[in-house]
Amino acid sequence: MREGMCFLMVVKRKAASTFYYEVMPTSLPASALPLSADEWSLVRLAGKTINATTDAGPHENGVHTMGAAVRAKDGSTFTGVNIYHFTGGPCAELVALGSARAAGATELTHIVAVGSHGRGVKSPCGRDRQIFADYYPQMRVIVETQQGMVSVLASDLLPFGYDHRAEQV
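For clarity, every value in this text was computed on a predicted model and none was experimentally measured.

Participant: Can you tell me about the pairing of strand E9 (residues 148–153), naming the residues and giving the values?
Facilitator: Pairing of strand E3 (residues 33–34) with E9 involves two bridges; the strand directions are antiparallel. The residue of E9 that forms the bridge with Leu 33 is Ser 151. In terms of strand pairing, strand E8 (residues 140–145) meets E9 through six bridges, oriented antiparallel. Looking across to E9, one finds that Val 143 is bridged to Val 150. In this structure, the hairpin formed by E8 and E9 is closed by a connection of two residues.

In structure tokens form, the structure reads like this:
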């Protein structure tokens, strides 16, 4: 096996009364690092943000159920919450990225998403991974793994991903 290759495992999980399947990597990319104190504080900030703003009770669906926090190179932090809509409203990570940019932050170093009601750190969706890979490939993304919480380079979250820049004429 080459360094950085990732094999996947399907895990059956239960949320409320519904079972779902989640694909989890069985090995970590070479960029994976244990969380630093600053990264843990970003996790807490994202959790605090969604818990203060969610419109859903425990085990309920709502419009705002995910919170995200992003850290800029200068140490400043920005937050966002998702806006769920059946047409595909923005994820919390994208709202936090927009908030950072609106405040003038252009060099982002870390991002994390946390579910409401203690659901913990959540992995970014495919659309977010593609955006991270296109615009912030060196940003560290905090994810939960079988080995615990780690931060990885955004570029490692989308192996064999579409290279938007390479396709431009």
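Participant: Provide a residue-level description of the side chain of Thr 145, including the pertinent values.
Facilitator: Of note, Thr 145 is situated in strand E8. Judged by its relative accessible area of 9%, Thr 145 is buried. At 3.0 Å, the side chain of Thr 145 forms a polar contact with the backbone nitrogen of Gln 147. A distance of 2.6 Å separates a polar side-chain atom of Thr 145 from the backbone oxygen of Gly 148.

Participant: Can you explain the environment of Ala 100? Please cite residues and give values.
Facilitator: With respect to the element layout, Ala 100 can be found in helix H2 (residues 92–102). Taking the C-alpha atoms as reference points, Ala 100 and Val 70, 30 residues apart in sequence, are found 7.5 Å from one another.

Participant: Tell me about the state of the cysteines, and name the residues and values.
Facilitator: Following the criterion strictly, the structure yields zero disulfides and no others. No disulfide involves Cys 91; its nearest neighbouring cysteine sulfur is the one of Cys 125, lying 3.7 Å away.

Participant: Could you give an account of the nonpolar core, with specific residues and numbers?
Facilitator: One recurring pattern in soluble globular proteins: nonpolar side chains tend to sit buried together. Core analysis: the largest hydrophobic core is formed by 24 residues, its most contacted members being Val 70, Leu 97, Leu 108, Ile 111, Phe 132, Met 139 and Val 141. Secondary-structure elements contributing two or more residues to this core are strand E4 (66–72), H2, strand E6 (108–115), E8 and E9. Broken down by element, this core gets its largest block of residues, five residues, from H2. Aside from chain neighbours lying at most four places away, what touches Met 139 is Val 70, Leu 108, Thr 109, His 110, Ile 111, Phe 132, Val 152, Leu 153 and Ala 154. Formed by nine residues, the second largest nonpolar core is a distinct cluster that contains Leu 35, Leu 42, Val 114 and Ile 142.

Criteria and thresholds
- Residues numbered from 1 in each chain as written.
- Predicted model: local features only at pLDDT ≥ 70, side-chain atom pairs only at ≥ 80, totals over all residues.
- Heavy atoms only, no water.
- Pairing = 2+ DSSP bridges.
- Helix = DSSP H or I, 4+ residues; strand = E, 2+ residues; numbered from the N terminus.
- Buried < 20%, exposed > 50% of the residue type's maximum accessible area, 1.4 Å probe, protein only.
- Polar contact = N/O pair within 3.5 Å; in protein donor to acceptor, adjacent residues only side chain to side chain.
- Disulfide = S-S within 2.5 Å.
- Core = buried A, V, L, I, M, F, W, Y, C linked by side-chain atoms within 4.5 Å.
- Contact = heavy atoms within 4.5 Å.

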